[in-house]
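Okay, here's what each chain looks like letter by letter:
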Amino acid sequence: MLQILTPSGDLVAEAPLDLDMTTRLYRALVFARAYDRKSTALQKQGRLATYAPFEGQEAAQVGSAAALNPDDWLVGTYRDAAAMWMQGYPLDLLFAGRTGDERGGSPPEPINVMPPSITVGGHMVHAVGLAWAERLQGSDRVAITYFGDGATSEGDFHEAMNFAGVFDVGCVFFCQNNGWAISMPRESQTASETIAQKAIAYGMPGIQVDGNDLFAVFSATRDAVLRARLGEGPTLIEAMTYRLGPHTTADDPSRYRTEDESAEWRRKDPLERVRIYLSERDRWSEEWQAEIEAQASAEVEEAVAAAEALDPPGVAGVFDAMFADLPPILAEQRRMAEEAE
Amino acid sequence: MSVVTLAQALNRSLEHALAEMDDVVVMGEDVGRTGGVFRITDGLADKFGPDRVIDTPVAESGIAGVGFGMAVGGLRPVLEMQFMGFSYPAFDQIINHVARIRHRSRHRFTAPLVIRIPYGGGIGAAEHHSESAEAIYCHTPGLKVVVPSRPGDAAGLLRSAIEDPDPVVFLEPIRLYRSVKEDVPDTSFTTPIGAASVEREGSDLTIIAWGAMMKEAREAAAALVEQGVDTEVLDVRSLVPLDVESLVASVQKTGRAIVVHEAPRTVGFGAEIVAQIQQRCLYHLQAPVERVTGWDTIFPLKRSEHVYLPSVERILAAANTVLSA
């Protein structure tokens, strides 16, 4: 397993990022945690629909997305908001989606981030198609797809990896192995020793990294993205991380796992080790921490307010994006829906 | 113009699209080296190369899902499912992703792709090779579903499907691939999606059908005309969007209708057509609308296909019922 920054903040290999960039990404980690905790709080107030928290996985998402070009494709899931935000997905739209408004699925151009996949596993093949389409059109844009350990049991994981391998598609498969697929532990999901080793069967490199180590995640993803961009094919990255919270706000992890296990992972917190690293290099202070947390909180509040201020989509929202042009039967149903309003 | 079969018309339409539209790619199992199990893509790989005509692994969900990604990424993939029974593994991709992306992204991302599916029985094929599951696709919001029954429509509708900004399920009647021929223009052309075709005008009775069943519909109409029944024949061609206006105009004129389809009867697409007719033509109807369909059974193997498939005789019996009401 690749590790560069240990949980106690010690470097065990050369840092892949300079101090300025590390500071920027630390802010992103702090921001991601603020977003995540605020979302859970808002859900409990009934202001957001069910929410899937990612606390504990911030470095996996921020570190990998930081290795992309701004116009690369990102195809993720309902638990990948931090990666989507890193790649330019507007914060208010992330919240809009969670308030139950389809406009949240429509990032402005030229942001190439797909709205999050809600079904598990079906979206990985999309990243293969996107990267392939870019190559066929003479572009060197690549695609990264995020998924969990549970998704590797889906048939479409196999089909995606297989297509990518056969056609040498510039796609990065980024697995956040967070230990649990709702109530199923990773050991019950696959008999493979690691998820990374599955890459061998598809003729592509696979690497396991400490998913709570910003540097290891960035380094491995940067290499995979470069390989993809140069036309050398796909890579599977298994980021070892942990979902500190529940599967969703509707879930109760105490039914299937122990407090001890979560506490152990809490000690491997992805933010804390970067904080120590920066602190030891005079790049961190308590005042600055308070300042960036306050900024994150303000930005999140503003985005929530913007999402909640959107007019209800109404009948137009239900009908008008079904097709480029509304066919006659749908136009008739639209009139009926309007009359019933 | 030249006289071609439905299979040849499809092949030429694909060739024109590949030659005239840089963003078109053809993808599926065995579509390249062998030109497809029905030879619909014959010769295209040689002309356009492996980046435009792509032989894939045996993976229908992957074909649909990768094709979906390609479409979102700026291409116009024409995907082939080898047989309708083999399209079922791709349902998740088609229903959960292909059909929904425009809606869930408010037009930001779209999937202008075509899923070609040979369908229907009558050729004594193996199990799973004779399905008529059009109703499942029609019942999926976000898809268009078209079914040609003659070479000209096959070429023109396929080109329209390729140019369409939304995903189109394009059903090809296996039984008619080589059994119907007609004069078709040698250059590319489109046939509008969403318009039915009145093949024969009449005043006494309307026979409504699509795809493979148009053969029986035409033969039954010819027999009826010989008996002095002025029969109108309507080829639906486009199931979604449905040309309700043409259906209604025809049945209001004749006052009698029979709907013929090969798929099982219960919740078949004929039920939707009958519902539209009863709602809009009730006071013009001289008799209840009859359905001549496959049974609610598994499609039988070779020796029993005749038991299942709607025949000219069954259509004529239904006509007798409708005319004597």
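Everything numeric here is computed off the predicted structure, so don't read it as measured data.

Draft legend 1. Region of interest: the overall build of chain A. What chain A contains, in helices and strands, is 14 helices and seven strands. Expected size for 341 residues packed as a compact globule is a radius of gyration near 20 Å; at 20 Å, chain A falls within 12% of this value. Long-range pairs, those at least 24 residues apart, make up 74% of the contacts in chain A between residues at least 6 apart in sequence. With an accessible surface of roughly 13900 Å², chain A has 50% of that area assigned to carbon and sulfur atoms. The distance from the centre of the 29 positive side-chain charges to the centre of the 53 negative ones in chain A is 3 Å.

Draft legend 2. Just the packing of helix α1 (residues 6-20) of chain B against helix α7 (residues 151-163) of chain B, in detail. Residue and element names in this part refer to chain B. Following both chains from N to C, one finds α1 and α7 inclined at 30°, their axes separated by 8 Å at the closest point. As summarised for this structure, α1 and α7 are arranged roughly parallel, according to the angle between their axes. For α1 against α7, the interelement crossing comes out right-handed. Judged by residue contacts, Leu6, Ala9, Leu10, Ser13, Leu14, His16, Ala17 and Glu20 of α1 engage Pro151, Ala154, Ala155, Leu158, Arg159 and Ile162 from α7. For the contact of α1 with α7, the per-class residue count stands at 10 nonpolar, two polar and two charged.

Draft legend 3. Highlighting the confidence of the model for chain B. With 100% of its residues at a pLDDT of 70 or more, chain B shows a mean pLDDT of 98. Here the predicted complex carries an ipTM of 0.96, next to a pTM of 0.97.

Draft legend 4. View of the side chain of Gln93(B). Take Gln93(B): it is sitting in helix α4 (residues 91-98). Here Gln93(B) is in contact with Gly122(A), Val125(A), His126(A), Asp156(A), Ser61(B), Ala64(B), Gly65(B) and Val98(B), once residues within four sequence places are set aside.

Draft legend 5. Region of the structure containing the pattern of salt bridges. All names here are of chain A. Tallied over the entire structure, the rule returns 39 salt bridges over all chains. Between Glu55 and Arg266 there is a salt bridge, with its nearest N and O atoms 2.7 Å apart. Placement of Glu55 in the loop between α1 (19-44) and α2 (58-65) and of Arg266 in helix α10 (residues 259-266) is noted, with a sequence separation of 211 residues between them. Taking the shortest distance from any N to any O, the salt bridge between Arg222 and Asp223 comes out at 3.5 Å. Here the salt bridges share partners, and the residues they tie into one network are Arg33, Arg37, Glu55, Glu58, Arg266 and Asp269.

Draft legend 6. A look at the interface of chain A and chain B. In this complex, chain A contributes 44 residues to the contact, which on the side of chain B involves 45 residues. Roughly 3500 Å² is buried in total at the junction of chain A and chain B, and carbon and sulfur atoms are behind 66% of that figure. Together, Phe163(A), Ala321(A) and Phe323(A) form the three largest contributors to the area buried by chain A at its contact with chain B, with a combined 16%. Glu332(A) serves as the salt-bridge partner of Arg280(B), at 3.0 Å between the closest nitrogen and oxygen. Inspection of the chain A/chain B interface yields 21 residue pairs in polar contact (both at pLDDT 80 or more). Counting residues per element, the ones that place at least two in the side of chain A that touches chain B are α5 (124-136), α6 (155-167), α13 (314-319) and α14 (328-340) of chain A. The element best represented in the side of chain A that touches chain B is α5(A), accounting for eight residues.

Draft legend 7. Broad picture of α2(A). Burial within α2(A) is extensive, with eight of its eight residues counted as buried. Looking at α2(A), one finds that the buried residues are Glu58(A), Ala59(A), Ala60(A), Gln61(A), Val62(A), Gly63(A), Ser64(A) and Ala65(A).

Draft legend 8. Expanded view of the sheet that holds strand β4 (residues 76-80) of chain B. Residue and element names in this part refer to chain B. Taken in spatial order, the seven strands line up as β3-β2-β4-β5-β7-β6-β12 in an open sheet, and their pairing is mixed. In this open sheet, the two strands that pair with only one neighbour each are β3 (53-55) and β12 (238-240). Adjacent strand axes in the sheet meet at a mean angle of 20° when their direction is disregarded. Summarising the sheet, strand β2 (residues 24-28) and β3 pair through three bridges and their orientation is parallel.

Draft legend 9. Just the domain arrangement of chain B, in detail. All names here are of chain B. Splitting chain B by domain gives domain 1 (2-184) and domain 2 (197-323). Look at where the C-alpha atoms of domain 1 and domain 2 centre, and you get two points 26 Å apart. Contacts between domain 1 and domain 2 engage 28 residues on the former and 27 residues on the latter. Carbon and sulfur atoms make up 54% of the area that domain 1 and domain 2 hide from each other, which totals about 2100 Å². Contact with domain 2 buries surface across domain 1, with Glu134, Val147 and Arg175 losing the most and accounting together for 22% of the total. Connecting domain 1 to domain 2 are four salt bridges. Between Arg175 and Glu216 there is a salt bridge, with the nearest N and O atoms lying 3.1 Å from each other. Along the contact surface separating domain 1 from domain 2 lie 13 residue pairs in polar contact (both at pLDDT 80 or more).

Draft legend 10. Here's a closer look at the sheet that holds strand β7 (residues 235-240) of chain A. Residue and element names in this part refer to chain A. Here we have five strands laid out as an open sheet, ordered β1-β2-β3-β7-β6, and parallel in their pairing. If you trace the sheet from one side to the other, it starts and ends with β1 (73-75) and β6 (206-210), each paired once. Geometrically, the sheet is characterised by an average inter-axis angle of 20° between neighbouring strands, direction not taken into account. The pairing of strand β2 (residues 143-148) with strand β3 (residues 171-177) spans six bridges and is parallel. Each residue of the ladder has a partner; that of Tyr146, found in β3, is Phe174. Against the sheet, α5 touches β1, β2 and β3, its axis set at about 175° to β2.

Draft legend 11. Up close: the pairing of β4(B). Residue and element names in this part refer to chain B. In terms of residue burial, β4 counts as a mostly covered element, since five of its five residues are buried. Neither face of β4 is open: one carries Arg76, Val78 and Glu80, the other Pro77 and Leu79, and all of them are buried. Bridge count for β2 against β4 is five bridges, and the pairing is parallel. From the neighbouring strand, Val24 faces β4, where its bridge partner is Arg76. Relative to strand β5 (residues 114-119), β4 runs parallel, the two sharing three bridges. Bridged to Leu79 within β5 is Ile115.

The rules we used
- In this numbering scheme, every chain counts its residues from 1 along its sequence in written order.
- All chains are assigned letters beginning at A, and all ligands numbers beginning at 1, according to the order in which they are written.
- Only residues with pLDDT of 70 or above have their local features reported here, since the model is predicted, and side-chain atom pairs are shown and tallied only from 80 upward, although totals for entire chains, interfaces and linings are computed over all residues.
- Derived side-chain values reflect all non-hydrogen atoms in the structure, with water molecules and hydrogen atoms excluded from consideration.
- Secondary structure is summarised from DSSP: a helix means a run of H or I of at least four residues, a strand means a run of E of at least two, and numbering begins at the N terminus for each.
- For the radius of gyration, the atoms used are the C-alpha atoms, and the globule rule reads 2.2 Å times the number of residues raised to 0.38.
- It only takes one pair of heavy atoms within 4.5 Å for two residues to be counted as in contact.
- Only the protein chains shown count as covering a residue, and every accessible area follows the Shrake-Rupley method with a 1.4 Å probe.
- Under the convention used here, Asp and Glu are negative, Lys and Arg are positive, and both His and the chain ends fall outside the count.
- Just so you know, the charge point we use is NZ for Lys, CZ for Arg, CG for Asp and CD for Glu.
- Orientation is described by axes fitted as lines to C-alpha atoms, over the contacting stretch for helices, and by angles from 0 to 180 degrees between their N-to-C directions.
- Here roughly perpendicular refers to angles of 65 to 115 degrees, roughly parallel to angles under 35, roughly antiparallel to angles over 145, and oblique to all remaining angles.
- Rotating anticlockwise by less than a right angle from the far helix to the near helix defines a left-handed crossing, while the corresponding clockwise rotation defines a right-handed one.
- Any residue that is not Ala, Val, Leu, Ile, Met, Phe, Trp, Tyr, Cys, Pro, Asp, Glu, Lys or Arg is counted as polar, Gly included; the first ten are nonpolar and the last four charged.
- Confidence of the predictor at the level of single residues is given by pLDDT, which spans 0 to 100.
- For this analysis, a salt bridge means a side-chain nitrogen from Lys or Arg found within 4 Å of a carboxyl oxygen belonging to Asp or Glu.
- When two parts are put together, the accessible area they lose, computed with a 1.4 Å probe and summed over both, is reported as buried area.
- In protein, a polar contact means a hydrogen-donor-capable atom and an acceptor-capable atom, both N or O and within 3.5 Å, with residues adjacent in sequence counting only if both atoms are side-chain atoms; elsewhere, any N or O pair within 3.5 Å suffices.
- Only protein chains enter the accessibility calculation, which uses a 1.4 Å probe; a residue whose area is less than 20% of its type maximum is buried, one above 50% is exposed, and one in between is partly exposed.
- A pair of strands is treated as paired once DSSP finds two or more bridges between them.
- Where each domain begins and ends is defined by an automated method or by a domain database.

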